[in-house]
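Residues per chain, in single letters:
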Amino acid sequence: MVESVTTRNPTPRARVQAMKEYHPPLGSRDALRLDFNENTLACSPKVREVLGRISAGALTRYPEREPVEAVVAAHLGLAAAQVALTNGVDEAIHVLFEAFLEAGDELLLPVPTYTMYEVYASATDARVVAVLAAGDLQFPFERLIAAVTPRTKIIAIANPNSPSGSVVTRAQLVEIANRAPHAVLLVDEAYFHFHGETVIDLIGIVPNLIVARTFSKAYGLAGLRIGVLAGPVELMRWVKRVLSPYSVNSLALACLPPALEDTAYLDGYVSEVLEARRDFEAALDEAGIRRWPSQANFILVDIGPQHAEFVRLMRAAGVLVRDRSSDPGCDGRVRITIGTREQMRQAVAALNQALATLRAGKEAQ
Ligand SMILES: Cc1ncc(COP(=O)(O)O)c(C=O)c1O
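Residues numbered from 1 in each chain as written. Predicted model: local features only at pLDDT ≥ 70, side-chain atom pairs only at ≥ 80, totals over all residues.

Asker: I keep staring at the domain arrangement of the chain and nothing clicks. Help me out?
Answerer: Bring the parts together and some accessible area is lost; that lost area is often taken as the interface size. When its domains are assigned, the chain resolves into domain 1 (14-40 + 264-364) and domain 2 (45-261). The distance between the C-alpha centroids of domain 1 and domain 2 comes to 25 Å. Contact residues are listed per partner, giving 27 residues for domain 1 and 28 residues for domain 2. Listed by contribution, the elements that provide at least two residues to the side of domain 1 that touches domain 2 are helix H1 (14-18), helix H11 (263-286) and strand S10 (298-302). Counting residues per element, the side of domain 1 that touches domain 2 draws most heavily on H11, which supplies five residues. For the side of domain 1 that touches domain 2, the residue count by class is 16 nonpolar, six polar and five charged. (Domains from an automatic or database assignment. Contact = placed C-beta atoms within 7 Å. Helix = DSSP H or I, 4+ residues; strand = E, 2+ residues; numbered from the N terminus. Nonpolar A, V, L, I, M, F, W, Y, C, P; charged D, E, K, R; others polar.)

Asker: Looking at this structure, I do not really get unusual backbone geometry. What am I missing?
Answerer: Trans peptide bonds make up the majority, and among non-glycine residues the majority have a negative phi. Omega for the peptide link from Val111 to Pro112 comes to 0°, which places this bond in the cis form. Locating Pro112 in the fold gives a position in the loop between strand S3 (106-111) and helix H5 (115-122). For the bond running from Asn159 to Pro160, omega is -5°, close enough to zero to count as cis. Note on placement: Pro160 falls in the loop between strand S5 (152-158) and helix H7 (170-179). Even without being glycine, Asn37 reaches a positive phi, approximately 55°. Phi at Arg225 is positive, roughly 60°, even though this residue is not glycine. Take Arg225: there are 20 C-beta atoms within 10 Å of it, and that puts it in the buried class. (Buried ≥ 20, exposed ≤ 12 C-beta atoms within 10 Å, placed from the backbone.)

Asker: Is there a simple way to explain the nonpolar core in this structure?
Answerer: Note on soluble globular proteins: their nonpolar side chains tend to be buried together. Residues Leu185 and Leu186 are the most contacted members of the largest nonpolar core, which totals 107 residues. Split by domain, the residues of this core number at least three in each of domain 1 (14-40 + 264-364) and domain 2 (45-261). When sequence neighbours within four positions are dropped, the list of residues in contact with Leu185 reads Ile155, Leu173, Ile176, Ala177, Ala180, Asn208, Leu209 and Ile210. (Core = buried A, V, L, I, M, F, W, Y, C linked by C-beta atoms within 7 Å.)

Asker: Sorry if this is basic, but what is going on with the site of the ligand here?
Answerer: Taken together, 13 residues lie near the ligand, and Gly88, Val89, Asp90, Thr214 and Ser216 sit nearest. In terms of residue count, the dominant contributor to the shell around the ligand is helix H4 (residues 88-100) (three residues). Of the residues in the shell around the ligand, the class split is five nonpolar, six polar and two charged. (Near = placed C-beta within 6 Å.)

Here it is, written out as structure tokens:
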């Protein structure tokens, strides 16, 4: 028999104890999902075919990342040693921060932006230096440059950015990389397909540039968890030291080549979303709702003090949208993913109904 001698629980690192809990509002999402910027339809049917053919025997083997890395590298016009497949871009961010951020270092972050940069940085011993966008939520270029210090180790920029949908120009990104040659510039192109501009061709030319791409958005593979990090070999070799050889599972690896090959499916989905975005912008303007220009598959709108009630009314009407009020500079703002034109017609009907209900409630007061 083992005698229990434990008097207190083992304590995690102080930085981990100080971390805020982060629970994305998942759970009972059986509705029109305009809350997580996913593909709102499906992945390519070619991916489904490949999934259906995977044998039970194949699942007994550990996944082999490298052959698929070579396929992805060729697709991106890069060498295999310049890319690493990861368990979603989230893992890419995690391993990059793990590899580069140490005590005293600074992560420079224009905000508001994607939440996980701060989550993963707060688990390291580095300091987060946030640079707030102005009220128009445009990229704070001058102030970001001014915030570079000798301690800046990583600058993380989502382009297009979430939740604002704003973009940074290629010239600005190159300028940032040049002004901080001692830091890694991470450009997260999660929403690349809806914007069409990239700096991935500058990998190896701009020596401190690393680019992330996800297959969770336009490709419709969020459930498989797969993303790619691309950068110069001299930087990627450190990332690969930290990365588990098995973190991308064999189903995701099997599905990636057919997803990449089916460009007709991807292009069709993207052009549908871009048309739906134009229609939705017009509907928002007609409803008198302030919106921010977006180059991604979502739009940030200003609902004002009744944001939480608006989100609740939309949910009651079967449409999930994301309250971003607690993001820096986003009080009263809600982010709405763009799906197909038909789905957005449903969203507009729910939105107009919710606004009418809110107005009627105000008048009754
Ligand atoms: C800017 C940005 N990067 C990365 C991700 C996450 O990508 P993944 O699903 O590949 O982890 C998101 C998801 O919302 C995002 O908005």
